[in-house]
Amino acid sequence: MAARSVIKYLRPKTVVPQIHRCASALSAFEIQHKTPTIKKVMPIPKAHYGGRHTVTLLPGAGIGPELMNYVKEVSKYFRVPVDFEDVEIDPNANDNVDLDYAITSIRRNGVALKGNIETRSTEAGVLSRNVALRNELDLYVNVLHCVSYPGVNSRHKNIDIVIVRQNTEGEYAMLEHESVKGVVESMKVITSVNSERVARYAFEYAKRNGRKKVTTVHKANIMKLSDGLFLEISRRVAKDYPDITHNNMIIDNTCMQLVSNPHQFDIILTTNLYGAIVSNVVCGLLGGAGLLAGKNFGDHYTIFEPGTRNTGTGIAGKNIANPIAMLNAAVDMLRHLGHKHHASLIQNAINKTINQGVHTRDLGGQATSREVVDTIMKHIKTASD
Amino acid sequence: MALLTRNICKVFSQVIIKYNLQTAQIGAVRSLHVGTTVEQEGKVKCTLIPGDGVGPELVVSVQNVFKAANVPVDFEPYFLSEVNPTLSAPLEQVSNSIARNRVCLKGILATPDHSSTGELQTLNMKLRKSLDLYSNVVHVKSLPGVTCRHKNVDCVIIREQTEGEYSALEHESVKGVVECLKIVTATKSQRIAKFAFDYAVKHNRKKVTCVHKANIMKLGDGLFLKSCQEIAKMYPRITFETMIVDNCTMQMVSNPHQFDVMVLPNLYGNILDNLASGLVGGAGVVAGASYSPECVVFEPGARHTYSEAVGKNVANPTAMLLCAVKLLHHVNLKRYSEQIRDALNRVLNDGKVLTKDLGGQSSTTEFTTAVIHCLR
């Protein structure tokens, strides 16, 4: 909810009415650099009729589809006023037809729930679908709220860190080439526009949620220009928020500090790759990939997904995957759509289930995915009666 | 004595209801462990507007069926009427109730041809305006056992109902010359077009037809057409067609099977709703719904009050029951929704108990009782 109002606040005021072109005609390079209109889309109404929302569902690969089934089951059981539009993306396809359709579908609905999508094709023209989705929809910020569950046995207790990550550029710019045989160059792109947007988001989030400190994580001692720019801009934005402490930390040190004393962190603001690393470290501290849910925000669209972007192909179909992360993502989605009552009820049921000790194998428990979901539904039932 | 018996009856009925609830809950928990999905119990609140004409009789029919099927819906009834202003509840109160409950079941409100106060907006239009019920959906579907000229008709007519010819902007500039303004805006046209396409996606339909008269009203209907075309680009997997309204009416009566989802401006939608309803059995058998982003009002598809039949117990409650079925589906009470739909289909299929409009001899109450007997 707060996150949504932050986005609203940051949204540019002028909007050029124009239906956006499809992605397939453009290369990754063009998406990144030649589409300044991405931010300016026609404000079409979202799919919200008679109190029911339509949400695009991208099950993705590995454990995605089974987790999505649990989400559907819980929402059906609990009469959540949300309809899902399933969009399958064929991981073996050598073109981007399915991807384009998924993007169009998110444009129509405004909100998506997504598993991790696999890209098996190695053709140069086929983008990493996850990255393409984020770039094309201009989801410039990824927010991961890491809170420990008292019931999960982890090395550190009472962690409460928000990781705000730049989501569309940096090392993920997908600009690589072999200039001379045996020499590959990969470009890391940092722009002041995107850095400012994400920094402002972080500080605005801090202000609205009563947070005290923002830590910019970077490697500006080595990459003096690129990470230097990111750091400089976050310093500049920090000046507008005198109530919030701002400090910075180098990525390698951050990782060490995170595992030894994570309580010193409040909000972590960082670039794309470092964000990926830091969020995986924190998730590992809290109990692994199966617990937390992340949010991707742009000016117009929102995608909810499990916090760490793992496919989990190895445990697919074995009924042992942890359904909590995807359910948490669904809860975030419901809160974003304004169904607060449903969101908090499911959230409470999830918390109770975990703190009661019904854990899947990744948390050291014996329960199957099915059992976890059944326990959650039982808690929802007792709470709503 | 009478008081005593009533109280005893009340106690008995409560005990029965409690018992039923308990068994339902036990059933729910048990099947939870088996792993099938069960719907959760709990009451749904719904505003009820009986409307004019035979509306109140039809609403009683729905309430009886709901009671017999033990449907967990609480009605919040309001009498709203334009032709009976002294008895009518204030509009504000009614629209607040709908906004709160988010669902409403509504009969048809009679609209007089003249205005007693000089006001141009009708009560229906005011209700729609106040709740922003911009989209009217009428699902025209042949019913089993109802013989008509065409079989297996199945199309959805989606109508913009807050602007166009219904903007209530009329004036007499010079004596004998009346101007009536038809308003078309891009925002509302895009909104209704998007609604139609989203409806098609959600219900797995393949085609959307935009009906217009842009060859004559090049600017007004032209804008509507253009907006539809723009939105259609976002739905590459749905066929998009356009048709001129006069041709559309002809096609509708000669070959209605070519239509899937249709999207129309206000007045054309009204005409086509009635035309298509006529194809499948008349005003008594077609259900509709009006949507706003936040709430939905279910009402019969073809808007006739049938005031000549008031008190005669001959009106067909099928349309109202179908509305109720759709309402239950909307609030995720799918089990009850299917149960009532099945019962209704069985009664129509048997053809023994039909009201006059479908060629039978039975009364409204007899039809309702037949539906209740068929509930399983």
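Residues numbered from 1 in each chain as written. Chains lettered and ligands numbered in written order. Predicted model: local features only at pLDDT ≥ 70, side-chain atom pairs only at ≥ 80, totals over all residues. Heavy atoms only, no water.

The name recorded for chain B in an unreviewed UniProt entry is Isocitrate dehydrogenase [NAD] subunit, mitochondrial, from Melipona quadrifasciata. Quoted straight from UniProt, the Subcellular location (unreviewed entry) entry for chain B says "Mitochondrion". (UniProt positions renumbered as here; feature names shortened; annotations may be inferred.)

As named in an unreviewed UniProt entry, chain A is Isocitrate dehydrogenase [NAD] subunit gamma, mitochondrial, taken from Melipona quadrifasciata. Here chain A is described in UniProt, under the heading Subcellular location (unreviewed entry), as follows: "Mitochondrion". Checking UniProt for chain A, the heading Sequence similarities (unreviewed entry) contains the comment "Belongs to the isocitrate and isopropylmalate dehydrogenases family."

Colleague: Can you walk me through helix α7 (residues 245-254) of chain B in this structure?
Modeller: Residue and element names in this part refer to chain B. Within α7, burial applies to Val245, Cys248 and Met252. Projected down its long axis, α7 shows its buried positions confined to an angular sector of 45°, all on one face. The inward-facing, buried residues of α7 abut β5 (154-160), β8 (207-212), β9 (239-244), β10 (261-264) and α8 (266-280). (Buried < 20%, exposed > 50% of the residue type's maximum accessible area, 1.4 Å probe, protein only. Helix = DSSP H or I, 4+ residues; strand = E, 2+ residues; numbered from the N terminus. Arc of directions from axis to C-beta. Contact = heavy atoms within 4.5 Å.)

Colleague: What exactly am I supposed to notice about unusual backbone geometry here?
Modeller: Negative phi values dominate among residues other than glycine, just as trans dominates among peptide bonds. In this structure, Asn204 of chain B is a non-glycine residue whose phi angle is positive, near 55°. Residue position: Asn204 of chain B is located in the loop between α5 (186-202) and β8.

Colleague: I keep staring at the interface of chain B and chain A and nothing clicks. Help me out?
Modeller: Where the parts come together, the accessible area they lose is often given as the size of the interface. Across the boundary between the two partners, chain B contributes 36 residues, which contact 32 residues of chain A. Roughly 3200 Å² of surface becomes buried between chain B and chain A when both sides are summed, with 57% attributable to carbon and sulfur atoms. At the junction of chain B and chain A, the tally comes to two salt bridges. Residue Asp83 of chain A is joined to Lys202 of chain B by a salt bridge in which the shortest nitrogen-to-oxygen separation is 2.9 Å. Across the contact surface, chain B and chain A share 13 residue pairs in polar contact (both at pLDDT 80 or more). (Buried area = accessible area lost by both parts, 1.4 Å probe. Salt bridge = Lys/Arg side-chain N within 4 Å of Asp/Glu carboxyl O. Polar contact = N/O pair within 3.5 Å; in protein donor to acceptor, adjacent residues only side chain to side chain.)

Colleague: Mind showing me how you'd approach the nonpolar core here?
Modeller: General note: in soluble globular proteins, nonpolar side chains tend to be found buried as a group. Ranked by internal contacts, the top residues of the largest apolar core, which has 95 residues, are Ile158, Met262 and Leu328 of chain B. Here this core gathers at least three residues from each of two domains, domain 1 (42-136 + 289-375) and domain 2 (149-279) of chain B. Formed by 61 residues, the second largest nonpolar core is a distinct cluster that contains Val74, Phe304, Ala343 and Val358 of chain A. (Core = buried A, V, L, I, M, F, W, Y, C linked by side-chain atoms within 4.5 Å. Domains from an automatic or database assignment.)

Colleague: Where do I start with the domain arrangement of chain A in this structure?
Modeller: All names here are of chain A. For chain A, the assigned domains are domain 1 (45-118 + 127-139 + 289-384) and domain 2 (155-286). Here the C-alpha centroids of domain 1 and domain 2 sit 25 Å apart. Listed as interface residues are 14 residues of domain 1 and, on the opposing side, 11 residues of domain 2. For the pair domain 1 and domain 2, the summed buried surface comes to about 1200 Å²; carbon and sulfur atoms form 52% of the total. On the domain 1 side of the contact with domain 2, Asn135, Leu292 and Thr308 bury the most area, a combined 31% of that side's loss. Linking domain 1 with domain 2 are two salt bridges, by the criterion used here. The shortest N-O distance in the salt bridge between Arg197 and Asp138 comes to 3.1 Å. Our enumeration of links across domain 1 and domain 2 arrives at four residue pairs in polar contact (both at pLDDT 80 or more). Among the secondary structure elements, those contributing two or more residues to the side of domain 1 that touches domain 2 are α5 (129-136) and β12 (293-297).

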